[in-house]
Amino acid sequence: MGTKIATLRTAFIKYLVMLIGGLALSVITPFLIFTIFASLGIVNYAYQSEEFVKTIAPVLASTPDLADVTENMPPGCDYLLLDKSYTILETSLKNDDVKSALRYATDGVNTANNGKQFLLITRDKELIVLQYYIGSRFINPWLNKYFPSPEMILYSLIALNCVFVCILLTIRFSRRLQKQLVPIMNATEEISSQNLDFEIGHSNIKEFEDVLLSFSKMRGDLKMSLEKQWHAEQFHSEQIAALAHDLKTPLTVIQGNIDLINETELDDEQRLYADYITESSSQISIYIKTLIDISRTVAGY
């Protein structure tokens, strides 16, 4: 055949290896894209905001002039400046975030959502509440407003890639198996239609090839058996035909003699016996004709 034959087990192992490799690539690719975007300054890592807050907290606690520090806050990091009586002096927060930061400063309770965290920094005459995010975010505020978080996009891409790879490889594997099953399906259709003069194909999978070889042997044995049966039926038909022809000769003699007897003077008892012979010979003639017709029908005439 010239083609390499593999076992069904090998085919499944190959499919499993391709599936694992495809799933690994489905996970690695989005992470690689995320790393590239982070290096280009489009997104930040989940830990960067927290690391920045830990770094800048001592600076905010000891720096007299906060303007230089607060103006260089990274995206996703905001502040609320209070005096010791919790009066708002300055803030970069808006709406409900101001209330949440003020509640954290007074009660230490975080009522914010969406992964927002707070850090309270005590100065000589002031308090600073820093708000930051646990999780990666876009550097551009517009992207943060209208798009899901980078982590959500990352996990969604991983899930979609995994589903796509599973579907793609499963369809490819099923089509390969279907292609290898075509010779078996063709063989069963030919045999079911009583056609034994056909060429059996081959498969690249050992188990399927063994089935095809079994079909080939079965076809040969069945063909030989049918040929023997056909020859036996032909011989039987010929014997019946010969017997029928052999019976016609003595029957013709009997019928001729009974015709001659019927032309003579017969009493009632002799006439009765002659009628019996005539009726029986006619019945035998019908049987012989039926045997001849049957033998011709079996012979295909």
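What this report covers is the structure whose coordinates are included nearby.

### Notes on a negative patch on the surface
Part 1: Judged by side-chain charge, Asp 65, Asp 68, Glu 71 and Glu 90 come together as a negatively charged surface patch.
Part 2: Here Glu 71 is to be found in the loop between helix H3 (67–70) and strand S1 (78–83).
Part 3: Looking at Glu 71, the relative accessible area reads 64%, which means it is exposed.

### Some thoughts on the sheet that holds S1
Part 1: As summarised here, the arrangement of the four strands in space is S2-S1-S4-S3, forming an open sheet in which the pairing is antiparallel. Where the open sheet ends on each side, the last strands, each with one partner, are strand S2 (88–91) and strand S3 (116–122). Between one strand axis and the next, the sheet turns by 20° as a mean value, whatever way the strands run.
Part 2: Note that S1 and strand S4 (residues 126–133) share six bridges and pair antiparallel. The partner of Leu 80 across the bridge, within S4, is Val 129.
Part 3: Each of S3 and S4 is contacted by helix H2 (residues 48–62), which is oriented at about 170° to S4, the strand it contacts most.
Part 4: Contacts between helix H4 (residues 96–107) and the sheet are confined to S1, S2, S3 and S4, with S3 contributing the most and set at about 50° to the helix.

### Observations concerning the pattern of salt bridges
Part 1: This model, assessed by the stated rule, comprises five salt bridges.
Part 2: One salt bridge in this structure joins Arg 123 and Glu 126, with 2.9 Å as the shortest N-O distance.
Part 3: On the accessibility criterion, Arg 123 (11% relative accessible area) is buried.
Part 4: The salt bridge partner of Lys 217 is Asp 221, with a shortest N-O separation of 3.1 Å.

### Topic: a positive patch on the surface
Part 1: On the surface, Lys 4, Lys 14, Arg 172 and Arg 176 cluster together into a positively charged patch.
Part 2: Locating Lys 4 in the fold gives a position in the segment before helix H1 (8–39).

### Some details on the packing of aromatic side chains
Part 1: Inspection of the entire model under this criterion finds five aromatic pairs.
Part 2: A centroid spacing of 5.1 Å and a plane angle of 55° characterise the contact between Phe 12 and Phe 173, whose relative ring orientation is tilted. Taken together, the residues Phe 12 in helix H1 and Phe 173 in helix H6 (residues 150–192) connect sequence positions 161 residues apart.
Part 3: Among the residues examined, Phe 12 registers a relative accessible area of 41% and is labelled partly exposed.
Part 4: You can call Phe 173 buried: its relative accessible area is 12%.
Part 5: Ring pairing ties together the aromatic residues Phe 12, Tyr 15 and Phe 173, which thus form one cluster.

Here is what the cut-offs are and how they apply
- Residues numbered from 1 in each chain as written.
- Predicted model: local features only at pLDDT ≥ 70, side-chain atom pairs only at ≥ 80, totals over all residues.
- Heavy atoms only, no water.
- Patch = residues over 30% accessible without salt bridge, like charges linked within 9 Å, V, L, I, M, F, W, Y side chains within 5 Å.
- Areas by Shrake-Rupley, 256 points an atom, 1.4 Å probe, with all protein chains shown as cover.
- Salt bridge = Lys/Arg side-chain N within 4 Å of Asp/Glu carboxyl O.
- Lys, Arg positive; Asp, Glu negative; His and termini not counted.
- Charge placed at Lys NZ, Arg CZ, Asp CG, Glu CD.
- Helix = DSSP H or I, 4+ residues; strand = E, 2+ residues; numbered from the N terminus.
- Buried < 20%, exposed > 50% of the residue type's maximum accessible area, 1.4 Å probe, protein only.
- Pairing = 2+ DSSP bridges.
- Axes fitted to C-alpha atoms, helices over the stretch in contact; angles between N-to-C directions.
- Contact = heavy atoms within 4.5 Å.
- Phe/Tyr/Trp six-rings, centres within 6.5 Å; stacked < 30°, edge-to-face > 60°.

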